[in-house]
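Each chain is listed here by its residues.
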Amino acid sequence: MSKSKNNTCSARAGKVGGQAVIEGIMMRGPKKYCTAVRTENKKILRDIHPNQSIRDRIKPLGWPVIRGVVSFVESMILSFSTLNFAAESIGYEEETAFDRWLAKHFGKTITTIAAGIGSVLGIILSVVLFFWLPTVISNFIGQYVSIPYFKNVLEGIFKIIIFLCYICLVSLLPDIKRVFMYHGAEHKSIFCYENGLDLTVENVKAQKRLHPRCGTSFMILMMFVGVLVSLFLPRDNTILYVGLKILTLPITMGLGFEIIRYAGKHNNAFIRAITAPGKWMQLITTKEPTDDMIEVAIVALKSALDEEFSEESVFEGIYQPVEEKTEETATLEETNDAQ
């Protein structure tokens, strides 16, 4: 590889990130993010917004470790927004008479209520599965073993086992399988861009689908970091210990973010070792995409990097019929519906 190409790859590393959604992909660049979704009639809808982080306005929030927590919170908020757009684009949220009745009498649709209930139940389930259950099991087994820090290591092992079982179970769902295929398209297109290649279907297909800077790798890494953090917490009281584990989550997130950030820009023996478990997990959470999924990834990536790719070039090589959806067109559609 030439020196100029090496410089290009280095400059592009970590510049763009993404997320697979229902029948589509969200790509996030330095200035904009774009969600591109393939509809049933094979058209690609886009939702493009400015990418503004609070870290750019409040400098202390951009400090190491702290920026990891801020980035995680912003990513969660962004995930809800992109998932809603994807669901609406493919008709997952068609309004019913019951929706209208709820909106009239309570001011909220059934989707909003269900989302709220689902979020609460999801948080409770996460605490039980990934905090309470591993602690209880490791405490029970650990009382028969006198090895120092045995409980902490055992707790981390059980967390990974539970997470692995959860991912394997959800991967059996047909819709999730397709999301994992789009996840593969996301990784491949980012690799193609970071390697300084033209964003074509053939170039993207030739790339690897296991990326060190993946959310899956971040989750696995957080579990390992969590084991190290837990070494400094008292385990005498289970409720107190679980509570402290939750309270120290920002530290775990921040440290995990810094490691993943570093891993995305370097390739050495240490980085390969600590990112290996996350990559193994990606064998489940990413699948080989189809050509039309890769096309969606390319459209999303180019749209998120409009400082590098002109609007005219976004759909180059994309042969399926396309339709754009921006904030302005969405507002116009809402106005027409209201009339």
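Residues numbered from 1 in each chain as written. Predicted model: local features only at pLDDT ≥ 70, side-chain atom pairs only at ≥ 80, totals over all residues. Heavy atoms only, no water.

Draft legend 1. Region of the structure containing the overall build of the protein. Per the secondary structure count, the protein includes 14 helices and four strands. For the protein, buried positions account for 42% of its 339 residues. For the protein, long-range pairs separated by at least 24 residues make up 65% of all intrachain contacts whose partners lie at least 6 apart in sequence. Accessible surface, the protein as shown: approximately 18500 Å² in total, 64% of it carbon and sulfur. (Helix = DSSP H or I, 4+ residues; strand = E, 2+ residues; numbered from the N terminus. Buried < 20%, exposed > 50% of the residue type's maximum accessible area, 1.4 Å probe, protein only. Contact = heavy atoms within 4.5 Å. Areas by Shrake-Rupley, 256 points an atom, 1.4 Å probe, with all protein chains shown as cover.)

Draft legend 2. Representation of the environment of Leu45 in the model. Take Leu45: it is sitting in strand β4 (residues 44-50). Note on Leu45: relative accessible area 9%, which makes it buried. C-alpha separation for the pair Leu45 and Ser89, spaced 44 residues apart in sequence, amounts to 7.4 Å.

Draft legend 3. Focus on the environment of Gly91. For Gly91, the location among the structural elements is in the loop between α3 (66-89) and α4 (97-106). Sequence separation between Gly91 and Glu40 is 51 residues, and the spatial gap between their C-alpha atoms is 9.3 Å.

Draft legend 4. How the structure looks around the pattern of salt bridges. Per the stated rule, a full pass over the model turns up 16 salt bridges. Put simply, Lys15 and Glu308 hold a salt bridge, and the shortest N to O gap is 2.6 Å. Here Glu308 lies in the loop between α13 (291-304) and α14 (327-338) and Lys15 lies in the loop between α1 (3-12) and β1 (17-21), a separation of 293 residues in the sequence. Taking relative accessible area as the criterion, Lys15 reaches 29% and is therefore assigned partly exposed. A salt bridge links Arg28 to Glu74; the shortest N-O distance between them is 3.9 Å. Here the residue Arg28 occupies a position in strand β2 (residues 24-28), and Glu74 occupies one in helix α3, the gap between them amounting to 46 residues. By sharing partners, the salt bridges in this structure join Arg12, Lys15, Glu307 and Glu308 into a single network. (Salt bridge = Lys/Arg side-chain N within 4 Å of Asp/Glu carboxyl O.)

Draft legend 5. Examining the packing of α3 against helix α11 (residues 249-263) more closely. One can describe the packing of α3 onto α11 by two numbers: an axis separation of 7 Å at closest approach and a directional angle of 95 degrees. Between α3 and α11, the angle falls in the class roughly perpendicular. Between α3 and α11, the contacting residues are Arg67, Gly68, Val69, Ser71 and Phe72 on the first element and Pro250, Met253, Gly254, Phe257, Glu258 and Arg261 on the second. (Axes fitted to C-alpha atoms, helices over the stretch in contact; angles between N-to-C directions. Parallel < 35°, antiparallel > 145°, perpendicular 65-115°, else oblique.)

Draft legend 6. Molecular detail of the side chain of Lys302. Turning to its location among the elements, Lys302 is positioned in helix α13. Although buried, Lys302 forms no salt bridge, and the nearest oppositely charged side chain, Glu316, lies 4.7 Å from it. (Lys, Arg positive; Asp, Glu negative; His and termini not counted.)

Draft legend 7. Geometry of the packing of helix α9 (residues 215-230) against helix α12 (residues 269-285). Where α9 contacts α12, the two axes come as close as 8 Å, and the packing angle between them is 135 degrees. As far as their axial angle goes, α12 and α9 are oblique. The crossing of α9 and α12 is right-handed. Contacts between α9 and α12 involve Thr216, Ser217, Ile220, Leu221 and Phe224 from the first element and Ile274, Pro277, Gly278, Lys279, Met281, Gln282 and Thr285 from the second. Per-class residue counts for the contact of α9 with α12 are six nonpolar, five polar and one charged. (Left-handed = near helix turned anticlockwise from the far one by under 90°. Nonpolar A, V, L, I, M, F, W, Y, C, P; charged D, E, K, R; others polar.)

Draft legend 8. Structural view of empty space enclosed by the protein. Scanning the entire structure with this criterion turns up one cavity of 30 Å³ or more. Computed from the structure, the largest cavity encloses a volume of approximately 40 Å³. Contributing to the lining of the largest cavity are Ser217, Ile220, Leu221, Ile260, Ile274, Thr275, Pro277 and Gly278. For the lining of the largest cavity, the elements supplying multiple residues, two or more each, are α9 and α12. Among the elements that line the lining of the largest cavity, the one with the most residues is α12, at four residues. The residue makeup of the lining of the largest cavity, split by class, is five nonpolar, three polar and no charged. (1 Å grid on protein atoms, 1.4 Å probe; cavity = no way out; pocket = protein on both sides within 12 Å on 5 of 7 lines; lining within 4 Å. Points joined across faces, edges and corners; volume = space filled by probe spheres on them.)

Draft legend 9. Quick peek at the sheet that holds β1. Reading across from one edge, β1-β2-β3-β4 is the order of the four strands in this open sheet, with antiparallel pairing throughout. On the outer flanks of this sheet lie β1 and β4, each paired with one strand and no other. In this sheet, adjacent strand axes meet at a mean angle of 15 degrees when their direction is disregarded. Across seven bridges, the pairing between strand β3 (residues 32-38) and β4 is antiparallel. Bridging across to β4, Tyr33 finds its partner in His49. Along the sheet face, α3 touches β1, β2, β3 and β4 and points at about 30 degrees away from the line of β3. (Pairing = 2+ DSSP bridges.)

Draft legend 10. Looking closely at a nonpolar patch on the surface. Taken together, the side chains of Ile117, Val120, Leu121, Ile124, Val128, Trp132, Val136 and Ile239 make up a nonpolar region of the molecular surface, amounting to roughly 750 Å² of accessible area. Of the residues forming the nonpolar patch, the biggest block, seven residues, is contributed by helix α5 (residues 110-142). Mapped onto the elements of the fold, Val128 is located in helix α5. (Patch = residues over 30% accessible without salt bridge, like charges linked within 9 Å, V, L, I, M, F, W, Y side chains within 5 Å.)

Taken by themselves, the reported measurements are silent on function.
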